[in-house]
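# An overview of the molecular structure
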Amino acid sequence: MSRIALVFFALFASIMMTIAVPVPVANGELVNVERRITHVGRGTWFYPGLGNCGWRNGNNDLILAIGKGFYDRNGGGNCGQYVQITNTANGKTAYGLTVDSCQSCGDNDIDMSPGLFSQISTLATGQIQVSWHFMAMGWHP
C-alpha cells in the first residue's frame, strides 16, 4: 500500500511542478518565448541614419542591423530588441538595439554603429567574427 501511495504522491508532485512553471508576462500579456539561438558570423560597422525600423540614429548610438533576409522572415519583429554581441577574438561583450536590416549581411552577420563596434574592437579592424543572440523582448541594459 505504501508503494502505491508513493507513486501517487510522485505523480501529483510532478503535475504540480509542471503547472507551476513560470510563464513570461510583460505588461499583463503573455510573452512569446523564443529559444535563445547563438549566431556566429561576421561583425562589421556602418554609418547609421534612418533604419528599416523607422528610427533615425547617429554614430554614437549603440545600434545594429541584422541580415535583410532574417529581418524580412521575421517581418521586422526584432525591431527594438537588444542583442548581446561578443567579439570571439578578444571576448569583449557589448549590447546593441536592433533598428535596421543589412543588405550585405547573411543571417548570422550583424552590422553595428561605430559607437557599438568600438566597444568590442577598433574601427580600423573593419570586420570581426562575433557571436550574438537576442535578449528577451523588453529587456534593456
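Scroll up to find the structure this text is about.
What you see is a predicted model, and the numbers here were worked out from it, not measured in a lab. (Residues numbered from 1 in each chain as written. Predicted model: local features only at pLDDT ≥ 70, side-chain atom pairs only at ≥ 80, totals over all residues. Heavy atoms only, no water.)

Moving on to the nonpolar core. Membership of the largest hydrophobic core comes to 17 residues, with the highest contact counts inside it found for Leu64, Ile66, Ile85, Ile110, Met112, Val130 and Trp132. Looking at this core, the elements that each hand over two or more residues are β4 (63–67), α2 (68–73), β5 (82–87), β7 (110–112), α3 (114–120) and β8 (127–134). Residue contributions to this core peak at four residues, all from β8. Apart from the residues lying within four places of it in its own chain, the contact partners of Ile85 are Leu64, Lys92, Thr93, Ala94, Gly96, Ile110, Met112, Leu116, Ile120, Val130, Ser131 and Trp132. Residues Phe46, Ile63, Ala65 and Tyr82 belong to the second largest nonpolar core, which totals nine residues. (Core = buried A, V, L, I, M, F, W, Y, C linked by side-chain atoms within 4.5 Å. Buried < 20%, exposed > 50% of the residue type's maximum accessible area, 1.4 Å probe, protein only. Helix = DSSP H or I, 4+ residues; strand = E, 2+ residues; numbered from the N terminus. Contact = heavy atoms within 4.5 Å.)

Taken as a whole and judged by the stated rule, the model has three salt bridges. Close ionic contact of Asp72 with Lys68 constitutes a salt bridge, the shortest N to O distance being 2.9 Å. One end of the pair, Asp72, and the other, Lys68, are both in helix α2, four residues apart, so they sit about a helical turn from each other. A relative accessible area of 44% places Asp72 in the partly exposed class. Salt-bridge contacts for Asp107 lead to Arg73; the nearest nitrogen and oxygen are separated by 2.3 Å. Taken as a pair, Asp107 in the loop between β6 (93–102) and β7 and Arg73 in helix α2 lie far apart in primary sequence, 34 residues in all. (Salt bridge = Lys/Arg side-chain N within 4 Å of Asp/Glu carboxyl O.)

This part takes up the side chain of His39. For His39, the position within the fold is in strand β3 (residues 39–45). For His39, a relative accessible area of 10% translates into the label buried. When near neighbours in sequence (up to four residues on either side) are disregarded, His39 contacts Phe70, Asp107, Asn108, Val130, Ser131 and Trp132.

Evaluation of the coordinates by the stated rule reveals two disulfides. Shown here is the disulfide that connects Cys53 with Cys79, its sulfur atoms set 1.9 Å apart. Because the sign of the S-S torsion sets the handedness, a value of about -80 degrees for the bond joining Cys53 and Cys79 places this disulfide among the left-handed ones. Here the residue Cys53 occupies a position in the loop between β3 and β4, and Cys79 occupies one in the loop between α2 and β5, the gap between them amounting to 26 residues. Overall, the relative accessible area of 17% leaves Cys53 in the buried class. (Disulfide = S-S within 2.5 Å.)

Take the environment of Trp139 next. With respect to the secondary-structure elements, Trp139 resides in the segment after β8. Remark: the alpha-carbon pair of Trp139 and Gln81, spanning 58 residues in sequence, is separated by 7.6 Å. Excluding its chain neighbours within four sequence positions, the residues that come into contact with Trp139 are Tyr82 and Tyr95.

Our next topic: the sheet that holds β3. If you walk around this closed barrel you meet the six strands as β3-β7-β4-β6-β5-β8, and the pairing is mixed. Between one strand axis and the next, the sheet turns by 45 degrees as a mean value, whatever way the strands run. Direction of pairing for β4 relative to β7: antiparallel, over a ladder of three bridges. If you follow Ala65 over to β7, its bridge partner there is Asp111. (Pairing = 2+ DSSP bridges. Axes fitted to C-alpha atoms, helices over the stretch in contact; angles between N-to-C directions.)

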